[in-house]
Amino acid sequence: MADSASAAMDMPLIQATYTSLSDFEVPIGFNLHTENSASILLPDTADAFLNPVQEFNRDLSIACIRVWSNDLNEKKREKWLNKNRGKTEREEKGKRHAEEDGAPEGQPSIKKLKEKFGRNTEAYTQSEDSDSTSTRPMDLEPPTMPASSQAEGIPMALESSDAFSKAPAAVGSKSNEFHPQKIVVLEALSATGLRSIRYAKEIPLVRYVIANDLSPAATVAMRRNIDLNGLGPTSRAEAEVEGSYNVANEAEGAAQPSTSSTAGSSKQRKSVTLNLGKVRVNEGDACDLMYSHRQERSRVDVVDLDPYGTAAPFIDAAVQCVKDDGLLCVTCTDLSVLASTNYPEKCFANYGGIPAKSEYCHELALRLVLHSLSTSAARYGRYITPLISLSIDFYVRLFVRIRTAPIEVKRAMTYVVIYISLSHPTSQAQTRLTVFSYLRKTSLFHVCNGCQAPYEQPLGRVIEKQGANSTNTNLQFKTTHSSSNTDTCVECGGKLHVAGPMWSGPMHDKAFVSKVLKHVEDFPDNYKTSTRMKGMLTLAHQASSIKTTAPRSAIHDIMRSYILDHPVKMERIKEETAKTLLATPIADKADFSRHPSLDAISNKIKLVRYQMNPQPNWGPGARPDAGGKRKRDGDQSVATRAAE
């Protein structure tokens, strides 16, 4: 059964409903756009936005959601197996106890009956002086079966009110096999609906997708495209053919049966289940929709935010409407704010931190968005685990897991200091061992404007104290001392500028990245951008660029060692920062001989990180026409969704 469940989760690309559109006549005023399994109609007017360049974004999202849903069901399957294993052990233990008490198999022992009926021996046995055999309730005549049940042939075991009667589990019931959980995806800003349509078609475990947009023109386009791909709801007319359609129950996905009230007529109409479709359109404000799903019973499994510009206005609602262990996918296209110092006030307003102008500005952009997600989730006792965080072309794309755990929320500002008390083998004294962990989550950075050396300043620390004779761990949350006593860089003498606060923990889950990479390698034909996906995922997994915990002084020693072996003419160097760094003596000379265990995968395959120009003047694209937009609660007009 496990193999069949895994096969269902890892199945190849689901084929489109329309296997061929060669005979489809495109209406006047529209263009047919096909991307992988989905085909949509794009109007000549700019009513709804679509950027074909972001096909890589959509491909990557589908791969990540598929892998995440597989992981989720693997965990649920393990819990199900453990639960059934414990149930089997309890049943076997019960049989042994019943045999010891002399009770027939499948019936309770005298001990259990005594616990239920107390000392009233007449309820479960005859007097010991009687010569007749003992009689238990299971041996008594069962209650009379209702005539309706006899007529319908319902087995006695299902109708009996006996406290000890229990019908055997049917073969193939839920208790005998594991059923993978299907997921609900909410795309808050859908525009043409292309992303939602692809999710519904290409992710096997999707139950349905909620596609939302504020623009009436966009929702009209969505419904048209959803119907074109055969993912729309069953119409009311179709529902009324065989039964009645109940509008009040439309949200539940079923039409309730009704009986005719005409005098003399006892004919019951045939009930029909109304299929709301695999992609369900909602026209309204994205935050209102997500806030309506923040109650635990109505949360969704995956939320996708892909706006035109910043995702900041939607983050608070998004972190509340995702289930525990759910997935949040976020795109931000405002890199002019995130990855430069041109608009520090805007960056602080949107993400709660200040950017830095440096060679690693795009990494800092990712960390600023992660900081915003972390602090927003923390307000509700939730925390994030980054799975994949990438800077792509003109935007950033992040995939984070959301969970609820107040203790993890407390750790969000800290790095860990562990104090372990060890008993001395020859005396009663205890030795305290201090272990510093570098798992920091939120920090300020002092960045040099010359050599760009970063100096990290964590916002807090947590002390974990473990006793020698106890497994309990005591947590103490503390503030930290300043790590910089000057505003001058110790490497080059340049001025230091403050950046942050921002996320300083890991940006990727390497195990998750490996699974997504393997999935793309196993199903390359499912994604037209699979070559670039493998390149980006490999770089994220291997960190093939300069990623190190070494201090900046060690990196400068490596550069000075290289210059020592490959001299340059100092008179040609005009930058004062470079002159200062090269003039500093080498503290530790680097060895550039090839390491025998070097086996970088990037040297074996050709990694594609940047795509070729897909079209002239490509980029974020122009904002869609806001004409006909309605206002939100009397406020100024809200621009339609953003780039998909």
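Our structure's up above, just so we're on the same page.
Read on for a plain summary of the structure. (Residues numbered from 1 in each chain as written. Predicted model: local features only at pLDDT ≥ 70, side-chain atom pairs only at ≥ 80, totals over all residues. Heavy atoms only, no water.)

Considerations on the overall build of the chain
Okay, step 1: The helix and strand tally for the chain stands at 18 helices and 16 strands.
Okay, step 2: Restricting to contacts in the chain with at least 6 residues of sequence separation, those with at least 24 account for 68%.
Okay, step 3: Surface summary for the chain: the accessible area is close to 35600 Å², and the carbon and sulfur share equals 51%. (Helix = DSSP H or I, 4+ residues; strand = E, 2+ residues; numbered from the N terminus. Contact = heavy atoms within 4.5 Å. Areas by Shrake-Rupley, 256 points an atom, 1.4 Å probe, with all protein chains shown as cover.)

Let's talk about the packing of helix α12 (residues 344-351) against helix α13 (residues 361-378)
Okay, step 1: Put simply, α12 and α13 touch, their axes get as near as 9 Å, and they point 35° apart. For the pair α12 and α13, the contacting residues are C347, N350 and Y351 in the first and L368, V369, H371 and S372 in the second.
Okay, step 2: Taken together, the residues of the contact of α12 with α13 break down into four nonpolar, three polar and no charged. (Axes fitted to C-alpha atoms, helices over the stretch in contact; angles between N-to-C directions. Nonpolar A, V, L, I, M, F, W, Y, C, P; charged D, E, K, R; others polar.)

Some remarks on the sheet that holds strand β12 (residues 442-448)
Okay, step 1: With antiparallel pairing, three strands are arranged side by side in an open sheet as β13-β12-β16. Pairing within the sheet leaves two strands with one partner each, and these edge strands are β13 (454-458) and β16 (496-503). The mean angle between the axes of side-by-side strands here comes to 25°, regardless of whether they run parallel or antiparallel.
Okay, step 2: Note that β12 and β13 share five bridges and pair antiparallel. When the bridges of β13 are listed, S443 appears paired with P458.
Okay, step 3: Sitting on the sheet, α13 touches β12 and β16, and the angle it makes with β16 is about 45°. (Pairing = 2+ DSSP bridges.)

A closer look at the sheet that holds strand β6 (residues 300-305)
Okay, step 1: Strands sit in the order β5-β4-β3-β6-β7-β9-β8 across an open sheet of seven strands; the sheet is mixed. In the strand order of this sheet, the two ends are held by β5 (279-283) and β8 (382-392), each with one partner. If you compare each strand with its neighbour and ignore which way they point, the axes differ by 15° on average.
Okay, step 2: The sheet contact formed by β6 and strand β7 (residues 322-332) spans five bridges and is parallel. Within β7, the residue paired with L305 across the bridge is V330.

Details of the packing of aromatic side chains
Okay, step 1: Taken as a whole and judged by the stated rule, the model has three aromatic pairs.
Okay, step 2: Ring plane angle 55° and centroid distance 6.0 Å describe the contact between W80 and F178, whose orientation is recorded as tilted. You can see W80 sitting in helix α2 (residues 55-101) and its partner F178 sitting in the loop between α5 (156-159) and β3 (183-187), a full 98 residues away along the chain.
Okay, step 3: With a relative accessible area of 9%, F178 lands in the buried category.
Okay, step 4: Sitting over the ring of Y208, R280 keeps its end group 3.7 Å from the ring centre. (Phe/Tyr/Trp six-rings, centres within 6.5 Å; stacked < 30°, edge-to-face > 60°. Buried < 20%, exposed > 50% of the residue type's maximum accessible area, 1.4 Å probe, protein only. Lys NZ or Arg CZ within 6 Å of the ring centre and 35° of its normal.)

None of the figures reported here should be taken as evidence of function without further support.
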